[in-house]
Amino acid sequence: MKTIGIIAEFNPFHNGHRYLIEKAKKITNADNVVIVCSGNFVQRGTPAIFDKSARTIAALLNGADVVLELPVIYSTASAETFAHAAVRLLDKLGCIDYLCFGCETENIKALPIITNILLSEPDDYKNMLAVYLKNGFSYPKARAKALTDYCSENNILETYILSQVLEQANNILAIEYLKALKKFNSKIKPLAIKRIGSSYNSDSLEDNMASATGIRKAIYNNNTINNYIPKNCIEVYKNTNFLETNDFSSILGYQLVKTNDFSNYYDISDDLSNRIKNLKTNFFNIESFINELHSKNYTYSGISRALCHILLNITDNDMAQFINNDYFDFVRVLGFKKDNKLLTRIKEYSSLNIISKFSSFYNNSTGETKKILDINIKSDELYRMIYMNKYGEMIPTEFERQICII
């Protein structure tokens, strides 16, 4: 029995995601698919457009057999931490044969070459990176420039290939997945699958393989998305209201008003903390404030994540503590197919505590486990409160939420 692991946000689930699952199963001849999915907040530092239950159901209807939740402390982290936590989760399941992921590059063979450089960190590369960081470049841009210089000087990869690889978000995540597999000495085999259709951040809706970015924009504008999602998702999304980033502006605004030092929050430097402090009187809503803070030193997504960490009270100390203690010792089941034996197999082989009855597990949890769960619960309650306030509709608490079973 072969099992694929896929790390995803499904924000929302669309035709491209179904293609990835189907293609991965065909290439590997796998029987089962496990999804590690972000919950109600995602890696770009925003709320998920649909809540985690709706996105879980969409995945189960389209090839997933089990959907597991990546805790919010990692689902909103930088690409490296996001990827490493998710890979560690899959590795601890003890029964995953392949990690399958999408990427934008035609030069898939370049990914392991770049990965080896980043892991070995040759002195010349480290020196180049230090120079770019000292000159005020954000870490992603400094790393890309240092890699380009190092590869050019050592005749490793051509500049146009590096440029193509490092300018696309899914390629960067792919590199981080490969790094994580090596870091944990995992037996899981990586499989990169070329993305088809619109690019990751494209707003284009010209074909049925539109990006999640374009689909979200269509939803915000009340335009139909039926051509871009599997038919069995139409009713799922039709019966689910959506949230967007600015819905959380009042909550973040309050957090900014009551605080002057933001440097204790995860991924916020002293410089960015001062910038937030100096500009917070201009705060109108989250998206406009991100644009206000944006500069060559800080990417849009990096600022978005930083503000999300303020919103959700995710600190540097918490993150360091959890990572140093091997990320987590549990995983929460969001959904599974009732006629599939994969969840039973996971329970047999996994070194993690598999949460199926959330309330009983939470009530018996202690220490760091309870702390991670508390951060998740507070984040989900915030999402729930904003949803109910916007739509006047009651939805279950985390203790009332049912596992999705189809």
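Data block above holds the structure.
First, a word on what this report is: a plain description of the structure on this page. (Residues numbered from 1 in each chain as written. Predicted model: local features only at pLDDT ≥ 70, side-chain atom pairs only at ≥ 80, totals over all residues. Heavy atoms only, no water.)

## Description of the overall build of the protein
Under the convention used in this document: We count a stretch as a helix when DSSP gives it H or I for four or more residues in a row; a strand needs E for two or more, and each element gets its number in order from the N terminus. Restricting the calculation to C-alpha atoms gives the radius of gyration, and the globule rule supplies 2.2 Å times the number of residues raised to the power 0.38. Two residues form a contact once any of their heavy atoms are found within 4.5 Å. All accessible-area figures derive from a Shrake-Rupley calculation using a 1.4 Å probe, and residue coverage is judged against the displayed protein chains alone.
When you go through the protein residue by residue, the secondary structure sums to 19 helices and 10 strands. Computed over C-alpha atoms, the radius of gyration of the protein comes to 21 Å, within 12% of the 22 Å expected from 2.2 N^0.38 for 406 residues, which places it in the range of a compact globule. Dimensions along the principal axes, computed over C-alpha positions, put the protein at roughly 55 × 55 × 50 Å. Put simply, of all contacts in the protein between residues at least 6 apart along the chain, 73% involve residues at least 24 apart. Here the protein has roughly 18,100 Å² of accessible surface; of this, 47% comes from carbon and sulfur atoms.

## Regarding the side chain of Asn32
Operational definition: For the purposes of these results, a polar contact is taken to be a pair of N or O atoms within 3.5 Å, where, inside protein, one atom must be able to donate a hydrogen and its partner to accept one; residues adjacent in sequence count only when each atom of the pair is a side-chain atom.
Looking at the secondary structure, you find Asn32 in strand 2 (residues 32-38). A polar contact is formed between the side chain of Asn32 and the side chain of Asn340, at a distance of 2.9 Å. Excluding residues within four positions of it along the chain, Asn32 makes contact with Met1, Lys2, Thr3, Ile4, Asp65, Asn340 and Leu342.

## Points about the environment of Ser75
By secondary structure assignment, the location of Ser75 is in helix 3 (residues 72-75). Taking the C-alpha atoms as reference points, Ser75 and Ala86, separated by 11 residues in sequence, lie 8.5 Å from one another. If near-sequence neighbours (up to four positions away) are discounted, Ser75 is found in contact with Glu9, Ser38, Phe41, Val42, Gln43, Leu70 and Phe82. A polar contact is formed between the side chain of Ser75 and the backbone oxygen of Phe41, at a distance of 2.9 Å.

## Some remarks on the packing of helix 5 (residues 110-120) against helix 8 (residues 159-166)
The condition that has to hold: Interaxial angles span 0 to 180 degrees and are taken between N-to-C directions of axes, which are lines fitted to C-alpha atoms, for helices over the stretch in contact. Our angle categories are set so that under 35 degrees counts as roughly parallel, over 145 as roughly antiparallel, 65 to 115 as roughly perpendicular, and the remainder as oblique.
Interaxial distance between helix 5 and helix 8 falls to 11 Å at its minimum, and their mutual angle equals 85°. Taken together, the axis directions place helix 5 and helix 8 in an arrangement best described as roughly perpendicular. Across the interface between the two elements, Ala110, Leu111 and Ile114 of helix 5 pack against Ile161, Leu162 and Val165 of helix 8.

## A few points about the state of the cysteines
We count it as follows: Only a pair of cysteine sulfur atoms within 2.5 Å qualifies as a disulfide here. For each residue, the accessible area found with a 1.4 Å probe, counting protein chains only, is set against the maximum for its type, and the residue is called buried under 20%, exposed over 50%, and partly exposed in between.
This model, assessed by the stated rule, comprises 0 disulfides. In this model Cys151 remains outside any disulfide bridge; the closest cysteine sulfur is found in Cys103, 17 Å from its own. Residue Cys151 is classed as buried on the basis of its relative accessible area, which comes to 0%.

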